[in-house]
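Residue-level structural notes
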Amino acid sequence: MRDFLRVFFSRPISLIGLVIFAAIVVIALLAPFLFVRGPFTIVGMPLLPPGAPGLLAGSDVLGRDMVVGLAYGARISLLVGITSTLCALGIGMLLGAVAGYYGGWLDDLLMRVTEFFQIIPSFVLLMVLVAFLQPSLSSTVIGIALVTWPQVARVVRGEFLSLRSREFVQAARTLGMGDARIIVTQILPNALPPIIVVSSMMVGSAILTESALSFLGLGDPNLLSWGSMIGGSRSAMWVAWWTTVLPGVAIMLTVLALNFIGDGLNDALNPRRRR
Amino acid sequence: MNRLSYIGARLVKTVLITVAVVLLSFFLIRLAPGDTATVMAGQAGFADEAFMKSLRAEYGLDQPVPVQLWKYLTAVAQGDLGMSFVRRQPVLDVILERLPNTMLLNAFALLVAIGGGVLFGMFAARRPGSAGDASVTVLSMLFYAVPQFWLGMMAMLVFSVWLGWLPPFGIETMGADYTGLARIADIAVHMILPGVTLALYFMASYARLTRTAMIEVADQDFVKTARAKGISEGQVAHRHILRNALIPLVTFAGLQAAILVGGSVLVENVFSWPGVGTLAYEAVTTRDNPLLLGIFIVTAVLVSLFNLATDIAYSIADPRVELGR
Amino acid sequence: MAEALISIRDLTVALPPGADRAHAVDGVSLDIPRNEILCIVGESGSGKSLTAHAVMGLLPRGVTASGGQILFGGADLLRQRPEAMRKLRGRDIAMIFQDPMAALNPVVNIGQQITEQIRAHRGIGEKEALQQAAGLLAEMGLKDTKSLLKSFPHQLSGGQRQRVMIAMALSLSPKLLVADEPTTALDVTTQAQILKLIKRIQSEREMSVLFITHDFGVVADMADRVAVMRQGRVVESGTTTEVLSNPTHSYTRALIAAVPTGECDLPPPPPDAVPLMAVTRLSKRFRRGGFFSGASAIAAVDNVSLTLSRGETLGIVGESGSGKSTLARCVIRLLDPDEGEILFDGADIARMGARGLRPLRRRIQMVFQDPFSSLNPRETVGDIIIAGPRAYGEDMREASRRAADIMRLVGLNPETMKRFPHEFSGGQRQRIGLARALMLKPDVLIADEPVSALDVTVQAQVLKLLDDVRQQMNLAMLFITHDMRVAAQVCHRVMVMRHGQVVESGPTREIFAAPSSDYTRALLAAIPGRGLLAAV
């Protein structure tokens, strides 16, 4: 553990990622207390530039405060990113572990399913899913989880498959350990590092996907997210750059921070890659 | 003989994926609230029981699910993807009309991505840990983190609005009526912004993958053998390192195609490129469910065909294919 | 001594900062004589391989020759320009490596791999180069050279690949061939053929060979002169007969003593009327292939029977692919056998379900081959050792107390219980694995190549430990190995396997003295340095 922290923090990039991400989490948590009136309240003239009185980041096409919108948008991004990843992890780890450990027809089936999801254009499928389920926060989360769990299952299955044949796991079997004990005490601790790395990256890509859906008008109509802020101000981009630039930068910073963290975790958790 | 059986297996896989896509679509239809009849009735503006009933009978919605499934499967197999609610045209015709534009854009983006990515990756792998390597890594991380549609808007802002170098919208200049070479040049100029925007994310992936593969292969024993033979460094790099490092890229191109199509939906919308992506957006906004589903089926089948092609290319590039994977 | 072709003077090779020591090679001086074979022998970490790589000018990234000279034809190779060095490589000095599969490019055909070297140094056409390549392959004793030139490495056997490597290395008639453990990855019988080939080529072509090995048996067979390296230094050198018959350095003596001679002095097994374990007509098949290639089953173990009694060690000897490991894994039920029975203490465990097997499992234990992958890297040594008793519900405190005793028994310090496996050496790790198995007080111990990954001196210690433990605990031991010499040292009886079948079995002494099958005779004849070492 100490080794892990030392390696993780010895890289400036993971530290930067952690600081940015922590800041965004704090903003998201504090938003309802700082901006009690909510993101949809009109506070002034439309398209006021940043620095106008009381408007640090200007106002949008409807005259709403961009700062408030950005703060509330962080809530949606993080909520969707984290919950959809957790759902995908739940399904993917369970199926991947069972398939990788026991093999057989279940493994064959799972491999076919994950291959299927790799080959079909999952964003188009996601559009269909969300459109058919009616756009809402929950349909976005369900949709993203449904198209991303095979990715987790694949990683978990691969780890379990290779660890299963390692000699220390075979030794555990000869020592009379049951399957559950072997999975929990022998395989899982060794399989977790890549899973952790993949999940940190998945949160980032889920945030990107959510913003893309909202941009296309497939987000929850009752919530303001970074993607819908960009989509809503497309027509104003020519005259008021801040309406599109700022939410985009917010998305980029969040995803970048998560990828930095993932990279740092990868280095710290994977001794083979340390060079 | 084994390469043939490999290709045969991939062929079967492609067919199975297509069938699975159609099956999935059939169940997606049932996911949407209300059936075709309610939607049709809603659009017609009135909904009395008798009319609904006749509509249901007309579309076979009153029959048991397995019968409906069988009808759906046979219809799709014959290229019947249903009628677009809004356009009152067969879905397939609407899609086929837009498809060439999308394929053009995607092919261009793929070429730019692979070409650029491999070059940047090779450059970075030449001196791992150097400033050049670090900047390629940082840039690729940046392009991973940027939403593609936003990147497109920013590119438009800079190169069209501020600098005025490139046209922001469409596939060709409206009303110019160019023909021949002039038209091709016009389309090419229009393609630069959306194409490069679409390519950048994948270029980043390719650069990272090439870099890793090159460094990994360079550490292999056979590269040491090549040096021990006293052949030139250029030959070592070309015949031994690059040739092995490029093999995973072939498979990767297939896997990326699915993501490329997703990105294309967004980028086409930003640049009003008249392809399947903008069509999908129109289908979403007009709630034209059969059209949206048709787009999913067509793009899925095309991507799996492209994967078949990359699998075949892989089987030619790597003689070890006969060992089975 | 003959005039030197290459003189290494005070060679020092520095490791990158952060390595466990500063120098991998520390002031080595050696002469590589003309028209002779010089063997550098040493254990892992002795610097023997890096010395060879320094001669080639092919030190790995980050590793540099920081001092000394390598003189060849009046020039210092360490100070040559890269381009001059490149021209020298392949033409004057050529090299072959340990693992020919890894050393050949998997996606380029054999013909191209050979001709590119010829063409890089001589401006001749493709066709002529291919003709030369075919001639070289024929010289290496390979048949059907035409189709061989068009094949890819994975289509050849291990021995064929190494022959191709040698053909490639000799394509420009170099003055020196550097061979870095060229037979370590090969089966014994193939090793014997390759060694013979190198020896023949060396005398025919009158060239020098720098041969790196860890095996004194190979030295005895191959070398005209020998240099013993340890921790980056040459501790002893001289002609082979000198060093073998009269080693002056204690380390050399230890190395020579540790090499199993292949002479068996174990008494025949104690007579025991009722065997503890009896395997009858056991078979295990693996299915491969699929829908298109047509499924086929390969019999990894084919109709094998054996018996095992308390206090005796039965060796299962065979080359790779003989099914010896599969047999062991069936006996301990890590694999499910397809046919046959395994009578253990009166019960047939061949098809027993998990529940019935559980109380019996603890009585059959295993020591694994790989000292690195056989211990969970994320558990402390203490946790690893008490895992067995814990799985059977033994009290934690009681298990820890016993663990300390067992650790002492296998020669480990119980105070190291809190450490993780990576802090231990290979030999110590095998002791940990043995302690883990012994904690369950087994009746049968299966040792699957327990010393094949270890250096020869460590090997001898672990073998002795296994034999001591067997005596003390009155164990029945099934000892899997590819090495006849090791089998001779610890096994009362041996069973020789090939292609899943038993070739012959009997008391070790009898089999070694009078093998009844050709295959066993070939295996025995292939033991490197057998006669010479035995005579010393």
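Quick caveat: nothing in here was measured; it's all calculated off a predicted structure.

**With respect to the overall build of chain C**
A tally of helices and strands in chain C yields 21 helices and 20 strands. Expected size for 536 residues packed as a compact globule is a radius of gyration near 24 Å; at 25 Å, chain C falls within 12% of this value. Principal-axis analysis of the C-alpha atoms gives chain C an extent of 75 × 55 × 45 Å. Looking at chain C as a whole, 57% of its 536 residues qualify as buried. The contacts of chain C with a sequence gap of at least 6 include a subset with a gap of at least 24, amounting to 69%. Summed over all atoms, the accessible surface of chain C reaches about 21,800 Å², with 48% contributed by carbon and sulfur. If the 63 positive side-chain charges of chain C are averaged to one point and the 57 negative ones to another, these points end up 4 Å apart.

**Comments concerning the interface of chain C and chain B**
On the chain B side, the residues contacting the 30 residues of chain C number 29 residues. Carbon and sulfur atoms supply 60% of the area buried between chain C and chain B, which totals about 2,500 Å² over both sides. Notably, a salt bridge pairs Lys229(B) with Glu116(C), separated by 2.7 Å at the nearest N-O pair. Put simply, chain C and chain B have 14 residue pairs in polar contact (both at pLDDT 80 or more) between them.

**Considerations on the nonpolar core**
Counting residues in each nonpolar core, the largest one holds 127 residues, and the members touching the most others are Phe123(A), Met127(A), Leu292(B) and Phe296(B). Per element, the largest residue contribution to this core is 14 residues, and it comes from helix H10 (residues 242–269) of chain A. Each of two domains, domain 1 (17–77) and domain 2 (92–317) of chain B, supplies a minimum of three residues to this core. The contact partners of Leu292(B), leaving out residues within four places of it in the chain, are Met127(A), Val128(A), Ala131(A), Phe132(A), Ala280(B), Ala283(B) and Val284(B). Counting 90 residues, the second largest nonpolar core, distinct from the first, contains Val28(C), Ile32(C), Met56(C) and Val259(C).

**Brief notes about the domain arrangement of chain C**
Once the domains are mapped, chain C shows domain 1 (1–92 + 175–258), domain 2 (106–173) and domain 3 (369–441). Taking only C-alpha atoms, the centre of domain 1 of chain C and the centre of domain 3 of chain C are 38 Å apart.

**Some details on the side chain of Gln162(C)**
Considering the arrangement of structural elements, one finds Gln162(C) in helix H7 (residues 158–170). With residues near it in sequence (within four places) discarded, Gln162(C) still touches Ile96(C), Phe97(C), Gln98(C), Pro100(C), Pro182(C), Leu186(C) and Ile194(C).

**A look at the interface of chain A and chain B**
Contacts between chain A and chain B engage 39 residues on the former and 50 residues on the latter. Across the chain A to chain B interface the summed buried area is about 4,200 Å²; carbon plus sulfur atoms make up 81%. When the buried area of chain A at its contact with chain B is split by residue, Ile119(A), Phe132(A) and Trp238(A) rank highest and sum to 19% of it. Our enumeration of links across chain A and chain B arrives at two salt bridges. Salt-bridge contacts for Glu115(A) lead to Lys13(B); the nearest nitrogen and oxygen are separated by 3.4 Å. Between the two partners, chain A and chain B, sit three residue pairs in polar contact (both at pLDDT 80 or more).

**Examining the sheet that holds strand S3 (residues 37–41) of chain C**
Residue and element names in this part refer to chain C. Taking strand neighbours across the sheet as the criterion, the six strands line up as S6-S7-S8-S3-S9-S10 in an open arrangement whose pairing is mixed. If you trace the sheet from one side to the other, it starts and ends with strand S6 (93–96) and strand S10 (233–239), each paired once. Pairs of neighbouring strands in the sheet enclose a mean axial angle of 15 degrees, with direction left out of account. With five bridges joining them, strand S7 (residues 176–180) and strand S8 (residues 208–213) adopt parallel strand pairing. Across the sheet, the residue bridging to Leu176 is Ser208, located in S8. Against the sheet, H7 makes contact with S6 and S7, and its axis sits at roughly 170 degrees relative to S6, the strand it touches most.

**Brief notes about the pattern of salt bridges**
Charged atoms that come close allow side chains of opposite charge to pair. Summed over all chains, the structure comprises 45 salt bridges over all chains. With a shortest N-O distance of 3.7 Å, Arg11(A) and Asp263(A) are connected by a salt bridge. A residue pair is termed long-range when its members are at least 10 positions apart, and Arg11(A) in the loop between helix H1 (2–10) and helix H2 (12–34) and Asp263(A) in helix H10 qualify at 252 residues. Under the relative-accessibility criterion, Arg11(A) is labelled partly exposed at 24%. Using a relative accessible area of 14% as the deciding quantity, one classes Asp263(A) as buried. One salt bridge connects Asp483(C) with Arg485(C), and the closest N-O pair in it is separated by 3.4 Å. Both residues of the pair, Asp483(C) and Arg485(C), belong to the buried class. Counted as one network, the salt bridges with shared partners bring together Arg11(A), Asp263(A), Asp267(A) and Arg208(B).

Thresholds applied
- Residues numbered from 1 in each chain as written.
- Chains lettered and ligands numbered in written order.
- Predicted model: local features only at pLDDT ≥ 70, side-chain atom pairs only at ≥ 80, totals over all residues.
- Heavy atoms only, no water.
- Helix = DSSP H or I, 4+ residues; strand = E, 2+ residues; numbered from the N terminus.
- Rg over C-alpha atoms; globule rule 2.2 N^0.38 Å.
- Buried < 20%, exposed > 50% of the residue type's maximum accessible area, 1.4 Å probe, protein only.
- Contact = heavy atoms within 4.5 Å.
- Areas by Shrake-Rupley, 256 points an atom, 1.4 Å probe, with all protein chains shown as cover.
- Lys, Arg positive; Asp, Glu negative; His and termini not counted.
- Charge placed at Lys NZ, Arg CZ, Asp CG, Glu CD.
- Buried area = accessible area lost by both parts, 1.4 Å probe.
- Salt bridge = Lys/Arg side-chain N within 4 Å of Asp/Glu carboxyl O.
- Polar contact = N/O pair within 3.5 Å; in protein donor to acceptor, adjacent residues only side chain to side chain.
- Core = buried A, V, L, I, M, F, W, Y, C linked by side-chain atoms within 4.5 Å.
- Domains from an automatic or database assignment.
- Pairing = 2+ DSSP bridges.
- Axes fitted to C-alpha atoms, helices over the stretch in contact; angles between N-to-C directions.

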